Amino acid sequence: MIFALALTQQASAETLLQCFGYRLSLAATISHYIDINGLHADVDGARYDVHEAAAAITLDNPIRDGQPDTNAPVRIEINRVDGRYFMMFAGQPGQAGDWSRPQDQGCKAVTPKF
């Protein structure tokens, strides 16, 4: 529920999330930090555009060092209510590269930053 409260405000408030999920290609549990600050977010060194909707926050258009980052997920979607997320990689239409399974924690607010 803390996650839902942290993301009910506009993403213009800086928020740090830690997301736990699973990557099929590694057959392993993984984690990511997502630093949302207004219209942009930093994820594993790539900068994303942030789009807000009532049910989800979507991150897309990854840029690293001023160039499109072809190794980063092309889209990340985070459910505002339960914190579940998925990451889409290029060349994997319809498949999530990383996602939170029921046994994973999904995304949780680590601490709102001021």
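Conventions we followed
Residues numbered from 1 in each chain as written. Predicted model: local features only at pLDDT ≥ 70, side-chain atom pairs only at ≥ 80, totals over all residues. Heavy atoms only, no water. Buried < 20%, exposed > 50% of the residue type's maximum accessible area, 1.4 Å probe, protein only. Helix = DSSP H or I, 4+ residues; strand = E, 2+ residues; numbered from the N terminus. Pairing = 2+ DSSP bridges. Phe/Tyr/Trp six-rings, centres within 6.5 Å; stacked < 30°, edge-to-face > 60°. Core = buried A, V, L, I, M, F, W, Y, C linked by side-chain atoms within 4.5 Å. Contact = heavy atoms within 4.5 Å. Disulfide = S-S within 2.5 Å.

### So, the pairing of strand β3 (residues 40–43)
- Residues Ala 41 and Val 43 line the buried face of β3, whereas the alternating positions His 40 and Asp 42 sit on a face that is not buried.
- The loop that links strand β2 (residues 28–37) with its antiparallel partner β3 comprises two residues; one of these, Gly 38, has a positive phi angle of about 70 degrees.
- Here β3 runs beside strand β4 (residues 46–52); their pairing, made up of four bridges, is antiparallel. Among the inter-strand pairings, Asp 42 is bridged to a residue of β4, identified as Arg 47.
- The loop that links β3 with its antiparallel partner β4 comprises two residues; one of these, Asp 44, has a positive phi angle of about 50 degrees.

### Quick word on the packing of aromatic side chains
- For the structure on display, the rule yields one aromatic pair.
- Where Tyr 22 meets Trp 99, the ring centres are 5.7 Å apart and the plane angle is 70 degrees; that geometry is what we call edge-to-face. One end of the pair, Tyr 22, is in strand β1 (residues 15–23); the other, Trp 99, is in strand β9 (residues 98–99), and 77 residues separate them in sequence.

### Digging into the nonpolar core
- Core analysis: the largest hydrophobic core is formed by 20 residues, its most contacted members being Leu 17, Ile 34, Leu 59 and Ile 76.
- In this structure, Ile 76 is in contact with Ile 34, Val 43, Tyr 48, Ile 57, Thr 58, Leu 59, Phe 86 and Met 87, ignoring residues within four places of it in sequence.

### Description of unusual backbone geometry
- Of note in this structure, Ala 27 is not a glycine but carries a positive phi near 50 degrees.
- Inspection of the secondary structure puts Ala 27 in the loop between β1 and β2.
- Despite not being glycine, Asp 65 has its phi angle at roughly 55 degrees, a positive value.
- The residue Asp 65 is located in the loop between β5 (56–64) and β6 (67–68) in this model.

### Side note on the state of the cysteines
- If you walk through the whole model with that rule in mind, you get one disulfide.
- Paired by a disulfide, Cys 19 and Cys 107 hold their sulfur atoms 2.0 Å apart. One disulfide, between Cys 19 and Cys 107, carries an S-S torsion of 110 degrees and so falls in the right-handed class. Within this pair, whereas Cys 19 is found in strand β1, its partner Cys 107 is found in strand β10 (residues 106–112), the two being separated by 88 residues in sequence. With respect to burial, Cys 19 and Cys 107 carry one shared label: buried.

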